[in-house]
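Survey of secondary and tertiary structure
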Amino acid sequence: MELVNRQDPYLREVLWFAVCCRALTLLLQALFNLLIPDHAADAFSPPRLSEPGLCDLLLEWLLGGLSHWDAEHFLFIAERGYLYEHNFAFFPAYPLSVRAVAEAALWPLQWLLRLRSRLLLSAVLLNSLCSVLAAAALYKLGCVVLRCRRVAFLAAILFCISPANVFMAAAYSESMFAFLAFSAMWQLEKGQSWLSGLLFSLASGVRANGLINAGFFIYSRSKCFALQLQVGSGLVRKLPPFWRQLLNLASSVILMCAGIFLPFVLFQYYAYLRFCAPGTGLQQSVPKPLLQLALDKGYRLAAMNRLKPPWCSQRFPVVYSYIQEAYWNVGFLRYFEFKQVPNFLLALPVTLLGSWAAWTYLTANPWYCLTLGLERRKNEEEQEEGKPGTGFCCPAVLVYVVHATVLLLFGVFCMHVQVLTRFLGSSTPILYWFSAHLLQEYEPLLWSEGTDNQTTAPLSEKSVLGNSLAASYEKGISENPVVRLLLNYRLNTPLTKCILGYFLSYWLLGLILHCNFLPWT
């Protein structure tokens, strides 16, 4: 399998470090869950309908910290389906996958663990696998886009200690989404459009912001079309007629976007059948404790009292937008209140990092950004024959910067801003690429690693860093750049200390707060 090619020493180090970080995360959350008492939070907490056994209590003691906040929704959906209206804020691909693993791979444990415990264990195992594969996919994507293994390697290592690490481990959909999104971007960069479209489609079934990923395919096809119109006169005769190119562009974009939007549309249609079309056979019996919970908390059940919810009467009955507005008060500038200042401070580091990345790229490539990369440069043909631009400021990064900036602006102005760290940390590679770029440019401890290793060169033609890393494996010594920086923390530059401090402090802070039901959603 190309994603886990063991011939690449950089990839092997990424995989090993990702596994170690995931194991450390699970160990720390168990420790914090044991030592720090849970906060009495007003969060979704459905009653357990079966008595836990000894093994269930042991598993809850070890992994219970990973089932709080939104994780409770995902586990409930995996166990009971979409029973309450607000459950439809969480997309189905992840809970379906959790249920599938619990019923298939963990089926032999049904005599020891009740279903809810197997679902929690399934979620932890699935997220551990997805987070490791997401790190590998990010490395592969970085090699293709940045054309510099060193920066791609460092970025993937930073992803393993992401500030959103706790959400990659808990029963959230972030790990699966990151794996699917990064893999889809990588396949698109390699020219595998249909495989990329399939992965993007699966990602849109995991999280709503997966719909925005359609922009990658639209931009890719539009750029090819625009550049073809600007080819030299000698190549014009070899190209299809203009109308055929335009028809090909329109048809491919429409088909791919339809595939990406299909999971969302089907999910909204399912919600419409549940709540707006009684008598369709989709209603289910509700256990009395869950019915009582709905009455106590005001949760709306399907066709409860035969009253349809207000969104059923809308011209476009989309339950997702209604839930975000009605249950969580999500909307433009709705979070701009004085009492939310602490949450804005919590999101300040990722906001500054994302803004700095966009500004750095804009100032380095002003004309390229202004033309959106759709203008063929005079030396385009020469660059194709020679070495292309490398690193964070290379032309290929533009679409990723635009994508990250759109997500950042949307998150700041239209969302609960405290989720911005995990929102961006699982959706865009820019945070990791730019952090790696800053470390590589301004940290002298990393300069001794040698020159850049281009992905266009064969793997055997290693740079000094490549030879050093390969030799270190023979000696059993890790050449992990993050480990090197941490071991020489006193010698780090202030910028390096800020970046590593942000990543590691949010990793630990997230574990403490999330695992003990403190506000950190």
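By the naming in an unreviewed UniProt entry, the protein goes by GPI mannosyltransferase 2 and is assigned to Apteryx mantelli. According to its UniProt record, the protein has this under Function (unreviewed entry): "Mannosyltransferase involved in glycosylphosphatidylinositol-anchor biosynthesis." Comment text from UniProt for the protein, heading Subcellular location (unreviewed entry), reads "Endoplasmic reticulum membrane".

Turning to the overall build of the protein, a few remarks are in order. Across its full length, the protein holds 23 helices and zero strands. For the protein, buried positions account for 53% of its 521 residues. The contacts in the protein between residues at least 6 apart in sequence include a share of 78% that link residues at least 24 apart. Carbon and sulfur atoms make up 65% of the accessible area of the protein, which totals about 24200 Å².

Within the structure shown, the criterion is met by one disulfide. One disulfide bridge connects C276 with C312, the sulfur atoms lying 1.7 Å from each other. Across the S-S bond of C276 and C312 the torsion is about -75°, and the bridge reads as left-handed. Taken together, the residues C276 in helix α12 (residues 242-276) and C312 in the loop between α13 (288-297) and α14 (319-328) connect sequence positions 36 residues apart.

Counting residues in hydrophobic clusters, the biggest one holds 153 residues, and the most contacted among them are L158, V397 and W433. Counting residues per element, this core draws most heavily on helix α5 (residues 115-146), which supplies 20 residues. Discounting chain neighbours no more than four positions away, the residues touching W433 are L138, L141, G142, V145, L146, V151, A155, F392, V397 and Y400. In terms of nonpolar packing, the next biggest core, distinct from the first, is built from nine residues, L83, Y84, L293 and L301 among them.

Further remarks concern the side chain of S128. Within the fold, S128 resides in helix α5. Since its relative accessible area comes to 16%, S128 is described here as buried. When neighbours within four sequence positions are excluded, S128 is seen to be in contact with R22 and L26.

Along its 24 residues, helix α15 (residues 341-364) runs 33 Å from first to last C-alpha, staying within 8% of the 34 Å computed at 1.5 Å per residue. In the structure, α15 departs most strongly from a straight axis at L348, where the bend amounts to approximately 45° and where the proline P349 lies between one and four residues downstream. Burial in α15 covers these residues: N343, L346, A347, V350, T351, L353, G354, A357, A358, T360 and Y361.

Of note, E189 is situated in helix α8 (residues 174-189). It is 7.0 Å that separates the C-alpha atoms of E189 and V144, two residues lying 45 residues apart in sequence. Those residues in contact with E189, other than ones at most four positions away along the chain, are L141, V144, V145 and Y400. Side chain to side chain, E189 and Y400 meet in a polar contact 2.6 Å long.

With that out of the way, let us pick up the UniProt feature "transmembrane region" (unreviewed entry) in the protein. UniProt annotation of "transmembrane region" (unreviewed entry) refers to residues 14-36, 119-139, 151-173, 246-267, 344-362, 397-417 and 499-520 when read in the numbering used here. As a span, residues 344-362 carries 100% helix and 0% strand, and end to end its C-alpha atoms are 25 Å apart.

Right, let's get into the pattern of salt bridges. This structure, assessed with the given rule, holds twelve salt bridges. Among the ionic pairs, E85 bridges to R300, the shortest N-O distance being 2.7 Å. With E85 in the loop between α3 (70-80) and α4 (93-103) and R300 in the loop between α13 and α14, this pair connects stretches of sequence that are 215 residues apart. Note on E85: relative accessible area 0%, which makes it buried. We note a salt bridge from E325 to R334, for which the minimum N-O separation is 3.1 Å. The network of salt bridges with common partners includes R48, E60, E72 and R116.

Moving on, we get to the packing of aromatic side chains. All chains considered together, the criterion is met by 36 aromatic pairs. Judged by centre distance (6.1 Å) and plane angle (85°), the ring pair of F44 and Y84 falls under edge-to-face. Note that F44 is positioned in the loop between α1 (9-35) and α2 (54-63) and Y84 in the loop between α3 and α4, a separation of 40 residues in sequence. Accessibility assignment for this pair places F44 and Y84 in one class, buried. With centroids separated by 5.9 Å and ring planes inclined at 40°, the aromatic side chains of F88 and Y270 adopt a geometry described as tilted.

Our next topic: helix α23 (residues 494-515). Its 22 residues give α23 an end-to-end C-alpha distance of 31 Å, which sits within 8% of 32 Å, the value for a rise of 1.5 Å per residue. For α23, the set of buried residues is T496, I499, L500, Y502, F503, Y506, W507, G510, L511, L513, H514 and C515.

For any two helices packed against each other, one specifies the crossing angle of their axes together with the interaxial distance. One way to put it is that α1 packs onto α23 with a least axis distance of 9 Å and a crossing angle of 45°. It follows from the interaxial angle that α1 and α23 lie oblique. Crossing geometry of α1 relative to α23 is assigned as right-handed. Residues C21, L24, T25, L28, Q29, F32 and N33 of α1 form the contact with α23, whose own contacting residues are W507, L508, L511, I512 and C515.

By secondary structure assignment, the location of N343 is in helix α15. A polar contact of 3.3 Å, which involves the side chain of N343, links it to the side chain of Y335. Non-local contacts of N343, meaning those with residues more than four positions away in its chain, are made with Y335, V417 and Q418.

Looking at the secondary structure, you find Q440 in helix α20 (residues 430-442). With 289 residues separating them in the primary sequence, Q440 and V151 have C-alpha atoms 7.2 Å apart.

Take unusual backbone geometry next. Excluding glycine, a negative phi dihedral is what most residues carry, and trans is how most peptide bonds are arranged. Unlike most non-glycine residues, N329 shows phi in positive territory, near 55°. Along the chain, N329 turns up in the loop between α14 and α15. A relative accessible area of 37% means that N329 is categorised as partly exposed.

It is worth spelling out a nonpolar patch on the surface at this point. On the surface, L31, L34, L35, L58, W61 and L62 cluster together into a nonpolar patch covering about 570 Å² of accessible area. Going through the elements one at a time, α1 and α2 are the ones with two or more residues in the nonpolar patch. By secondary structure assignment, the location of L34 is in helix α1.

Cut-offs applied
- Residues numbered from 1 in each chain as written.
- Predicted model: local features only at pLDDT ≥ 70, side-chain atom pairs only at ≥ 80, totals over all residues.
- Heavy atoms only, no water.
- UniProt positions renumbered as here; feature names shortened; annotations may be inferred.
- Helix = DSSP H or I, 4+ residues; strand = E, 2+ residues; numbered from the N terminus.
- Buried < 20%, exposed > 50% of the residue type's maximum accessible area, 1.4 Å probe, protein only.
- Contact = heavy atoms within 4.5 Å.
- Areas by Shrake-Rupley, 256 points an atom, 1.4 Å probe, with all protein chains shown as cover.
- Disulfide = S-S within 2.5 Å.
- Core = buried A, V, L, I, M, F, W, Y, C linked by side-chain atoms within 4.5 Å.
- Expected span 1.5 Å × (residues − 1).
- Bend = angle between axes of the 7 residues up to and from the residue.
- Polar contact = N/O pair within 3.5 Å; in protein donor to acceptor, adjacent residues only side chain to side chain.
- Salt bridge = Lys/Arg side-chain N within 4 Å of Asp/Glu carboxyl O.
- Phe/Tyr/Trp six-rings, centres within 6.5 Å; stacked < 30°, edge-to-face > 60°.
- Axes fitted to C-alpha atoms, helices over the stretch in contact; angles between N-to-C directions.
- Parallel < 35°, antiparallel > 145°, perpendicular 65-115°, else oblique.
- Left-handed = near helix turned anticlockwise from the far one by under 90°.
- Patch = residues over 30% accessible without salt bridge, like charges linked within 9 Å, V, L, I, M, F, W, Y side chains within 5 Å.

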